[in-house]
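Coordinates in review
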Amino acid sequence: MQLHALSDRSLVAINKAHQKLFGYSQREILGSQAWFELAFPDPVFREAIRANWEAAIERATTLGGVVESPEMKLRCRDGSDRLVLGHMTLVGGDMVISWSDLTAIRQGEVALRESEGRFRGMMEQMVSGFYVAQGGRFVYVSPALARMAGQARDAML
């Protein structure tokens with residue numbers, strides 16, 4: 001979590017989880033300018049994020065509640081990137097920003113899709129016929145079974 005003063009955008013505090021996740025000490029990111037330069041090294045992307053940040057502050061000021069950022073990559077002190085989602089809320093004269101690290105979740109999703117693709121490819125290549133049924137219906141029919149049955153897979157499903 002980060003705590004910024006709404007008046008001048010200065011960094012008031014970060015918690016230990018923030019330091020552990022991103023690797024920056026509070027001294028390194030005393031204000032939003034330093035944070036943006038460290039976390040978003042690409043100047044074009046940095047300016048887009050800065051504009052989004054100011055718009056989010058305006059929405060939070062006007063409408064209240066929690067403002068959620070889009071998923072984005074933040075550069076860590078060690079040079080690695082983290083895919084994160086930010087949530088900002090205003091409390092008194094401060095902005096409270098919490099970061100959710102989505103890196104492992106998104107990597108897991110990619111690995112699962114790749115594994116499913118390999119599994120499906122393997123199943124499609126088998127010479128043995130087989131099917132998967134759920135609730136009394138075929139939900140998968142192998143190409144070999146469809147050939148053996150002399151029917152189109154879609155018709156068997």
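Structure report, in brief. (Residues numbered from 1 in each chain as written. Predicted model: local features only at pLDDT ≥ 70, side-chain atom pairs only at ≥ 80, totals over all residues. Heavy atoms only, no water.)

Observations regarding the environment of Ser 142
Here is the rule we go by: In this text, helices come from DSSP runs of H or I with a minimum length of four residues, and strands from runs of E with a minimum of two, each type numbered from the N-terminal end. Between buried and exposed lies partly exposed: a residue is buried under 20% and exposed over 50% of the maximum accessible area for its type, with that area taken using a 1.4 Å probe on protein chains only. What makes two residues a contact is simply this: any of their non-hydrogen atoms within 4.5 Å.
With respect to the secondary-structure elements, Ser 142 resides in the loop between β8 (137-141) and α5 (143-149). Judged by relative accessible area, which is 0%, Ser 142 ranks as buried. Taking the C-alpha atoms as reference points, Ser 142 and Met 156, 14 residues apart in sequence, are found 10 Å from one another. Residue contacts for Ser 142: discarding those within four places in its chain leaves Ser 128, Gly 129, Phe 130 and Arg 153.

Overview of the nonpolar core
Rules: By nonpolar core we mean a set of buried residues, namely Ala, Val, Leu, Ile, Met, Phe, Trp, Tyr and Cys, connected to one another through side-chain atoms within 4.5 Å.
Ranked by size, the top nonpolar core spans 23 residues in total, and within it Phe 22, Trp 35, Phe 40, Leu 74, Met 88 and Trp 99 carry the most contacts. Looking at this core element by element, the count peaks at 5 residues for helix α3 (residues 43-63). Beyond its immediate chain neighbours, meaning those up to four positions away, Trp 35 contacts Gln 2, His 18, Phe 22, Tyr 24, Ile 29, Phe 40, Leu 74 and Trp 99.

Focus: the packing of aromatic side chains
As a reminder, the rule being used: The aromatic pairing rule takes the rings of Phe, Tyr and Trp, using the six-membered ring of Trp, and pairs them if the centres are within 6.5 Å, calling planes under 30 degrees apart stacked, those over 60 edge-to-face and the rest tilted.
Overall, the coordinates contain 9 aromatic pairs when judged by the stated rule. Ring plane angle 70° and centroid distance 5.6 Å describe the contact between Phe 22 and Trp 35, whose orientation is recorded as edge-to-face. Separated by 13 residues along the polypeptide, Phe 22 in helix α1 (residues 16-22) and Trp 35 in helix α2 (residues 32-39) bring together distant segments of the chain. Here Phe 22 matches Trp 35 in class, with each residue buried. Taking the centre distance of 4.6 Å and the plane angle of 50° together, the rings of Tyr 131 and Phe 138 count as tilted. Taking relative accessible area as the criterion, Tyr 131 reaches 47% and is therefore assigned partly exposed. Using a relative accessible area of 30% as the deciding quantity, one classes Phe 138 as partly exposed. Ring pairing ties together the aromatic residues Phe 22, Tyr 24, Trp 35 and Trp 99, which thus form one cluster.

Quick notes on the pairing of strand β5 (residues 81-91)
The following threshold applies: Following DSSP output, two strands are said to pair if at least two bridges run between them.
Pairing geometry for strand β3 (residues 67-68) and β5, over 2 bridges, is antiparallel. Each bridged residue has a counterpart across the sheet, and for Glu 68 the counterpart in β5 is His 87. Bridge count between strand β4 (residues 72-75) and β5: 4 bridges; the pairing is antiparallel. The partner of Arg 75 across the bridge, within β5, is Asp 81. Linking β4 to β5, which pair antiparallel, is a turn of 5 residues; within it Gly 79 sits at a positive phi near 90°.

So, the environment of Gln 107
Relative to the helices and strands, Gln 107 is located in helix α4 (residues 103-125). By relative accessible area, which is 53% here, Gln 107 ends up exposed. In this structure, the C-alpha to C-alpha distance between Gln 107 and Leu 83, residues 24 residues apart in sequence, is 9.8 Å.

Observations concerning the pattern of salt bridges
Test applied: For this analysis, a salt bridge means a side-chain nitrogen from Lys or Arg found within 4 Å of a carboxyl oxygen belonging to Asp or Glu.
Under the criterion given, the structure shown has 7 salt bridges. As a salt-bridge pair, Arg 9 and Glu 54 come within 2.8 Å of each other at their nearest N and O atoms. Of this pair, Arg 9 sits in the loop between β1 (2-5) and β2 (11-14) while Glu 54 sits in helix α3, and the two are 45 residues apart along the sequence. With a relative accessible area of 34%, Glu 54 lands in the partly exposed category. Here Arg 75 ties to Asp 81 by a salt bridge, and the two come within 2.6 Å at their closest N and O atoms. Residue class for Arg 75 comes out partly exposed when judged on its relative accessible area of 29%. Each of Glu 71, Arg 106 and Glu 109 takes part in one network of salt bridges that share partners.

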